[in-house]
Amino acid sequence: ALTASKELEITLTGKNCGLEERAPMCGVPYHAVDSYLNKLVEKGYKVGICEQVEDPSQAKGIVKREIVRIVTPGTNISQQSLDDEKNNYLMCIFANDGSYGISFVDVTTGDFRTTSMDSLAKVRDEIFKFEPAEIVCNDAFLISGMDFDYLKDKMSIVISSIEPYHFDEEQAEERIKRQFKVGNLEGLGLLDHPMGVIATGALLGYLHETQKSSLDHLMHIEAYETSEFMIIDSSSRRNLELCETLRDKQKKGSLLWVLDKTKTAMGARMLRNMVEQPLVDKKKIEERYDAITTLTDQTIVREELREYLNPIYDLERLMTKVTYKTANPRDLLAFAASLRMLPPIKQQLADFKGSLLKELYDELDTLDDLEALISSAIIEDPPLVIREGGIIKDGYNEDVDKLRRSKTEGKNWLAELEAK
């Protein structure tokens, strides 16, 4: 209460609790909790969400409460506090005898990657490249000689060490197998990164401990080599003004600002990743160039594609809300409206030559069944809050229709009985 009242600039009150001093308290309205929560998390605090977990009418004595989630800078899923064009990474670093394992995830999009490296300078470059909101690490990393003051003060990264048991190798492997539903690590391509495996396992342990959810949307992990991308050290990154200007730290005036004509939040994040990590593999570069040439040559098709991409919402972050069970009916309608654009997009891609665009065409599932399910079940203008009801369409579910009828017809039946 003392900390929150100071940081949020709200009144500190108190309550008699049978002791000499009053128990300090401070509170905010329940419906406005998100904005206050975001303020605390942006200042680097971790906030526990505690809720009633049983029906008050069934409870004997005090109603049971539990921590249902811990919100940290790297796991905040609130739309208000996130930049649509930028990933919100949580990074885990495992240091051991001059070797380092790095794993990082954006829980709002499901982007999950890992690698290993042999020098602190390379670790520093990765931190500058991905700019995580939060870093968790083992105790050995805290005494590795990294400039933590710069990371905390200049880059506003929250850094904390987590319990040593998270970094147990066997447990780490088990967590990874469970999360990605595999029998061994070979299928995930993690065998070349034993240090990365430990960092990934520790990161999953930390996520399960704080999020208390199944994290079903984290379905893939990508092991990458730092040699796949051009190495740009932190000072070159700043001086080249790739994603922000040197003086104002703004996107406007940077290389990304010049290039970014993307239509969706997912596209904006992908382009940022491409600018941050230039390819060095000639074959991959040429594939990308071929795709770009195809799109620049076919102006009409490109413009049509842009039209179809325009109404698409941030599907990655909507999926996360569904997994966390925080999606409201309007989120689901936004999801369905986005899916409606997939068949025409696929149709446009059918005419393109070139391996990259053809691969996209082959892999694109238009998800017609999901779109049909949502459109047939949810009314066109649903209320924002689920508790208000009146969300499901008439004729979709017999039981719902029956209950709805009993609500109105019950009154009529009583009136008729009275008249009789």
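Before reading on, note that the structure itself is shown above.
The structure reproduced in this document is the subject of the present report. The structure presented is a predicted model; accordingly, all values stated were derived computationally and were not measured.

Each value, and the rule that gives it
- Residues numbered from 1 in each chain as written.
- Predicted model: local features only at pLDDT ≥ 70, side-chain atom pairs only at ≥ 80, totals over all residues.
- Heavy atoms only, no water.
- Helix = DSSP H or I, 4+ residues; strand = E, 2+ residues; numbered from the N terminus.
- Buried < 20%, exposed > 50% of the residue type's maximum accessible area, 1.4 Å probe, protein only.
- Contact = heavy atoms within 4.5 Å.
- Areas by Shrake-Rupley, 256 points an atom, 1.4 Å probe, with all protein chains shown as cover.
- Lys, Arg positive; Asp, Glu negative; His and termini not counted.
- Charge placed at Lys NZ, Arg CZ, Asp CG, Glu CD.
- Polar contact = N/O pair within 3.5 Å; in protein donor to acceptor, adjacent residues only side chain to side chain.
- Core = buried A, V, L, I, M, F, W, Y, C linked by side-chain atoms within 4.5 Å.
- Salt bridge = Lys/Arg side-chain N within 4 Å of Asp/Glu carboxyl O.
- Patch = residues over 30% accessible without salt bridge, like charges linked within 9 Å, V, L, I, M, F, W, Y side chains within 5 Å.

1. Here we look at the overall build of the chain
Now for step 1: The number of helices and strands found in the chain is 18 helices and ten strands.
Now for step 2: C-alpha extents for the chain along the principal axes are approximately 85 × 70 × 50 Å.
Now for step 3: Scored against the burial criterion, the 420 residues of the chain give a buried share of 40%.
Now for step 4: At a minimum sequence separation of 6, the contacts of the chain that also span at least 24 residues come to 59%.
Now for step 5: Only carbon and sulfur atoms are counted for the fraction: they give 53% of the accessible area of the chain, which is about 24700 Å².
Now for step 6: Positive and negative side-chain charges of the chain, numbering 54 and 73 respectively, have mean locations separated by a distance of 4 Å.

2. Structural notes on the environment of D401
Now for step 1: Mapped onto the elements of the fold, D401 is located in helix α18 (residues 398–419).
Now for step 2: By relative accessible area, which is 14% here, D401 ends up buried.
Now for step 3: Not counting chain neighbours up to four residues away, the residues in contact with D401 comprise K393, D394, G395 and Y396.
Now for step 4: A distance of 2.8 Å separates a polar atom in the side chain of D401 from the backbone nitrogen of G395.

3. Examining the environment of D55
Now for step 1: Tracing the backbone shows D55 in the loop between β3 (47–52) and β4 (65–71).
Now for step 2: Overall, D55 belongs to the partly exposed group, its relative accessible area being 40%.
Now for step 3: A polar atom in the side chain of D55 sits 2.9 Å from the side chain of S57.

4. Concerning the nonpolar core
Now for step 1: One finds V105, F112 and I176 to be the most contacted residues of the largest nonpolar core, which totals 28 residues.
Now for step 2: Going through the elements one at a time, β5 (90–96), α6 (169–180) and α7 (194–211) are the ones with two or more residues in this core.
Now for step 3: In terms of residues, this core owes the most to one element, α7, which gives nine residues.
Now for step 4: Those residues within four positions of V105 in sequence are excluded, and the remaining contacts are N88, Y89, L90, D111, F112, L203, L207 and L218.
Now for step 5: Listed in part, the 24 residues of the second largest apolar core include Y89, I102, I127 and F128.

5. Considering the pattern of salt bridges
Now for step 1: Considering all chains together, one arrives at 24 salt bridges under this definition.
Now for step 2: In this structure, the salt-bridge partner of K46 is E134, at a minimum N-O distance of 3.7 Å. Highlighted residues: K46 in the loop between α2 (33–42) and β3 and E134 in strand β8 (residues 134–137), separated in sequence by 88 residues.
Now for step 3: R269 is the partner of E316 in a salt bridge, and the nearest nitrogen-oxygen pair spans 2.7 Å. Taken together, the positions of E316 in helix α13 (residues 315–323) and R269 in helix α10 (residues 265–276) put the pair 47 residues apart, joining distant regions of the chain.
Now for step 4: According to the relative accessible area criterion, R269 is buried, its value standing at 3%.
Now for step 5: Connected through salt bridges with shared partners, the residues E85, K251 and D260 form a single ionic network.

6. Thoughts on a nonpolar patch on the surface
Now for step 1: On the surface, a cluster of nonpolar side chains totalling about 370 Å² of accessible area is made up of L255, W257, V258 and L259.
Now for step 2: Tracing the sequence through the fold places W257 in helix α9 (residues 255–259).
Now for step 3: Overall, W257 belongs to the partly exposed group, its relative accessible area being 40%.

7. A look at helix α14 (residues 329–339)
Along an α-helix, residues three or four positions apart point the same way, because every turn accommodates 3.6 residues.
Now for step 1: Taken together, the buried positions of α14 are P329, D331, A334, F335, A336, S338 and L339.
Now for step 2: Summarising the contacts, the buried residues of α14 are in contact with α13, α15 (342–349) and α17 (368–377).
Now for step 3: For α14, the capping residue at the N-terminal end is N328, with a side-chain oxygen 3.0 Å from the backbone nitrogen of R330.

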